[in-house]
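# A closer look at the structure
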There are 2 protein chains.
Amino acid sequence: MEELKVFCPATIANVSCGFDVLGLALDSVGDEMIVRKTSEKGVFITKIKGQQLPMETNKNVSGVAGLALLEKSDYQGGFEIEIDKKIKPGSGIGSSAASSAGAVWAMNQLLGKPFSNLELVQFAMQGEKLASDVAHADNVAPAIYGGFTLVRSYQPLDIISIPTPEELFATVIHPQIEIKTSDSRKILKTTITLEKGIRQWGNVGGLVAGLFQNDYSLIGRSLQDYIVEPIRSILIPGFDAIKINTREAGALGCGISGSGPSIFTLSKGEHTALQVADAMKETYKAIGVDFDIHVSKINVEGVKRMTDDR
Amino acid sequence: MEELKVFCPATIANVSCGFDVLGLALDSVGDEMIVRKTSEKGVFITKIKGQQLPMETNKNVSGVAGLALLEKSDYQGGFEIEIDKKIKPGSGIGSSAASSAGAVWAMNQLLGKPFSNLELVQFAMQGEKLASDVAHADNVAPAIYGGFTLVRSYQPLDIISIPTPEELFATVIHPQIEIKTSDSRKILKTTITLEKGIRQWGNVGGLVAGLFQNDYSLIGRSLQDYIVEPIRSILIPGFDAIKINTREAGALGCGISGSGPSIFTLSKGEHTALQVADAMKETYKAIGVDFDIHVSKINVEGVKRMTDDR
């Protein structure tokens, strides 16, 4: 195999109580990427469609992630990358992670899978470092593993796959405003009360248990973030109204996707997820905020080969 | 049925990263209790063996828990309670919880089970309130539900049963020193860093996942407490040595049981749990600390009827 076309999923990081540790992959929104072996060593971004992004390898997240892989590989050739960028950068659904994860996943396939998923995450994290100065794993992990992932620890990196209940759907709305990840991190306090910490880890335990048990009610009860959401949600127009209206429309829970501005909900069943989408749309129409919206099954495969690859 | 004899398990609360939320029940150490219906309304402590504890209903944790149940019941009679107290008060393995939980569980059986486990926990929490001024649930929940329990939330009370891997054993050593729960709570800081909070809830997620997946390695990696243990362990002689020596003897992890002074470890298999017990004993013998020690399978039933009940 000399060439591969892959779907690179958007992802939701910071799943409510699971700030910095819990993420999930989406199925209906993601980039498309063609990765092709070259005889020349190196990583070459040959085409970017859909967005204005740097073509220089060292300034492109997929380039940097790919170089990290090449550095650990015996392979003497290189790779060309074409990116059809469908996820908007800055939307809070893992745009940079999709490109980084997609590139290294496809390269690994083309090389006969010498690297583990954990190693691929480590390569892709280099792309995240370029994008946001922090080599975080909470978007690239679900993009590569699929489904829900828990980044239990960074030193050493320890990623746990958490099972995904069959009927779980996400609805994500992206208000057309810009929040920089670095800004949304700056406003966080560096200390929290022990009391809130206890409630948070109680909910993380409940959420993980709910996912294992297909207990949608428990998932819903656990989708609460007492620490980050109250601060960051101030930057997102209409957040409180969306939260109330989506709960009324049947959502299990609602939170900030990544560092925002996208807002996600989880629902049981596509029908409810679509009703929740309507509630989100109406809320933003009423306050005059432009938006994109996605309804998606949870993607349990992560990055995947597209059927029309050549 | 007019009378019931029950085994009331000792419990480990604050299971490492699960401070204030995760507990488990033991099988080889617990109180024995006989609960008997009376025509006179009220709860009457008629006998206490093994320890000097108050006989007055209002000053005895099982009395107070029993009264909380009676108050919500249609039953027009009362109960006599005989307690054979085998768990030492102040040991940190849920002595008061065993008495509270045992009393209300037995009463519920004698009345034909009108109350749910969640309601029984709420009654038993009144005993905990008498014992330590705080109506905490993290010992009474595993005593009543058995196995591992997560107290996800107090308002409303939400208790989640977490499955117990078949080969999991606990080893608990009780150094013969006294630490008051109220004192060990006072030394805790009321704030923590966000960074440590994130590591803690990553580990709670990992521990819950490990218990669901029978993944002993993941359980071991997750049994870390960055927040409470570094402070409280100062009060426990030889804690650091026990931690190192039990890990070398094969324990998955080691932490403070409840608010101490008991130290618990979890191990895969009884053989390892016994080796760990030897490591603990040797450590305390070397520094001249007297101790009790228990090796126990995790008790997945909680309070249970004893075969010789009359």
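Residues numbered from 1 in each chain as written. Chains lettered and ligands numbered in written order. Predicted model: local features only at pLDDT ≥ 70, side-chain atom pairs only at ≥ 80, totals over all residues. Heavy atoms only, no water.

Attention now goes to the UniProt feature "domain: GHMP kinase C-terminal" (unreviewed entry) in chain A. UniProt's feature table lists "domain: GHMP kinase C-terminal" (unreviewed entry) at residues 208–285 of chain A, given in the numbering used throughout. Taken end to end, residues 208–285 of chain A is 55% helix and 13% strand, and its two terminal C-alpha atoms sit 35 Å from one another. (UniProt positions renumbered as here; feature names shortened; annotations may be inferred. Helix = DSSP H or I, 4+ residues; strand = E, 2+ residues; numbered from the N terminus.)

Residues and elements named next belong to chain A. Within the secondary structure layout, N139 lies in the loop between α3 (117–132) and α4 (140–145). Polar side-chain contacts of N139 include one of 2.9 Å to the side chain of T11. The contacts of N139, once residues within four sequence positions are left out, are T11, I12, A13, I93, G94, A97 and E128. (Polar contact = N/O pair within 3.5 Å; in protein donor to acceptor, adjacent residues only side chain to side chain. Contact = heavy atoms within 4.5 Å.)

The next thing to look at is empty space enclosed by the protein. Over the atoms, a rolled probe matching the size of one water molecule traces out where space is still vacant. Counted under the stated rule, the structure contains two cavities of 30 Å³ or more. Roughly 70 Å³ of internal volume is contained in the largest cavity. Every residue along the wall of the largest cavity is listed here: N14(A), S16(A), F19(A), D225(A), V228(A), E229(A), R232(A), G255(A), I256(A) and G258(A). Looking at the lining of the largest cavity, the elements that each hand over two or more residues are α8 (229–232) and β9 (253–256) of chain A. For the lining of the largest cavity, the class distribution of residues is three nonpolar, four polar and three charged. What the second largest cavity holds in volume is close to 50 Å³. Along the walls of the second largest cavity sit N14(B), S16(B), D225(B), V228(B), E229(B), R232(B), G255(B), I256(B) and G258(B), which together make up its complete lining. Counting residues per element, the ones that place at least two in the lining of the second largest cavity are α8 (229–232) and β9 (253–256) of chain B. Classifying every residue of the lining of the second largest cavity gives two nonpolar, four polar and three charged. (1 Å grid on protein atoms, 1.4 Å probe; cavity = no way out; pocket = protein on both sides within 12 Å on 5 of 7 lines; lining within 4 Å. Points joined across faces, edges and corners; volume = space filled by probe spheres on them. Nonpolar A, V, L, I, M, F, W, Y, C, P; charged D, E, K, R; others polar.)

Bringing the packing of aromatic side chains into the picture now. Residue and element names in this part refer to chain A. A full pass over the atoms with the stated rule returns seven aromatic pairs over all chains. Each ring, one from F115 and one from F123, has its centre 4.9 Å from the other, and the planes form 85°; the classification is edge-to-face. Pair check on accessibility: F115 and F123 agree, each one buried. For the ring pair Y284 and F291, a centre distance of 6.4 Å and an interplane angle of 40° mean the geometry is tilted. By relative accessible area, Y284 is classed as buried at 0%. Positioned above the aromatic ring of Y226 is the side chain of R199, whose terminal nitrogen or guanidinium carbon lies 3.8 Å from the ring centre. (Phe/Tyr/Trp six-rings, centres within 6.5 Å; stacked < 30°, edge-to-face > 60°. Buried < 20%, exposed > 50% of the residue type's maximum accessible area, 1.4 Å probe, protein only. Lys NZ or Arg CZ within 6 Å of the ring centre and 35° of its normal.)

Looking now at the sheet that holds strand β10 (residues 263–268) of chain B. Residues and elements named next belong to chain B. Read from one edge of the open sheet, four strands run β9-β10-β7-β11, paired in antiparallel fashion. Of all strands in the sheet, those with a lone pairing partner are β9 and β11 (291–297), marking the two edges. Averaged over all neighbouring strand pairs, the angle between strand axes comes to 20°, with direction disregarded. Strand direction decides the pairing type here: β9 and β10, joined by four bridges, are antiparallel. (Pairing = 2+ DSSP bridges. Axes fitted to C-alpha atoms, helices over the stretch in contact; angles between N-to-C directions.)

Another aspect to go through is the relation of the copies chain A and chain B. Taken together, a rotation about one axis and a shift along it account for how the two chain copies relate. By a simple turn and slide, chain A fits onto chain B: the slide is 0.0 Å along the axis, the RMSD is 0.0 Å, and the turn is 180°. The relationship between the two copies is best expressed as a two-fold rotation axis. In this assembly the copies share their binding face: 100% of the residues contributing to the interface of chain A also contribute to that of chain B. (Least-squares fit on C-alpha atoms with pLDDT ≥ 70 in both.)

Counting from both sides, the interface comprises 35 residues of chain A and, opposite them, 35 residues of chain B. The junction of chain A with chain B conceals about 2700 Å² of combined surface from both sides, 71% of it contributed by carbon and sulfur atoms. Three residues stand out in chain A for area buried against chain B, namely R152(A), L194(A) and W201(A), and they jointly supply 28% of the buried area on that side. The salt bridge partner of R221(A) is D158(B), with a shortest N-O separation of 2.6 Å. On inspection of chain A and its partner chain B, the count reaches 11 residue pairs in polar contact (both at pLDDT 80 or more). Those elements that place two or more of their residues in the side of chain A that touches chain B are β5 (148–154), β6 (157–162), β8 (191–193), α6 (194–213) and α7 (216–222) of chain A. Across the side of chain A that touches chain B, the residue classes tally to 17 nonpolar, 13 polar and five charged. Direction of pairing for β8(A) relative to strand β8 (residues 191–193) of chain B: antiparallel, over a ladder of three bridges. Each residue of the ladder has a partner; that of I192(A), found in β8(B), is I192(B). (Buried area = accessible area lost by both parts, 1.4 Å probe. Salt bridge = Lys/Arg side-chain N within 4 Å of Asp/Glu carboxyl O.)

Residues and elements named next belong to chain B. In terms of burial, strand β2 (residues 22–38) is largely enclosed, as 14 of its 17 residues are buried. Two elements, strand β1 (residues 3–12) and β2, share nine bridges in a ladder whose sense is antiparallel. Looking at β2, one finds that F7 is bridged to E32. Relative to strand β5 (residues 148–154), β2 runs antiparallel, the two being bridged by three bridges.

Between its first and last C-alpha, helix α3 (residues 117–132) of chain B extends 22 Å over 16 residues, near the 22 Å set by a 1.5 Å rise per residue. One or two residues past the end of α3(B) sits D133(B), with phi positive at roughly 70°. (Expected span 1.5 Å × (residues − 1).)

A word on the packing of helix α2 (residues 95–110) of chain A against α3(A). Residue and element names in this part refer to chain A. Close contact between α2 and α3 brings their axes to 8 Å; oriented N to C, the two are set at 145°. Helix-helix and strand crossings are classified by hand; for α2 and α3 the assignment is right-handed. Across the interface between the two elements, S96, A97, S100, A101, V104, W105 and N108 of α2 pack against L120, F123, A124, G127, E128 and A131 of α3. Residue composition of the contact of α2 with α3, by class: eight nonpolar, four polar and one charged. (Left-handed = near helix turned anticlockwise from the far one by under 90°.)

Cis geometry marks the peptide bond from Q155(B) to P156(B), where omega comes out at 0°. Among the structural elements, P156(B) can be located in the loop between β5 and β6 (157–162). Here G260(B) and P261(B) are connected by a cis peptide whose omega angle stands at 0°. Even without glycine at this site, S16(A) takes up a positive phi of about 45°. Here S16(A) falls in the buried class, since its relative accessible area comes to 2%. Of note, the phi angle at N14(B) is positive, near 55°, even though the residue is not glycine. Turning to its location among the elements, N14(B) is positioned in the loop between β1 and β2.

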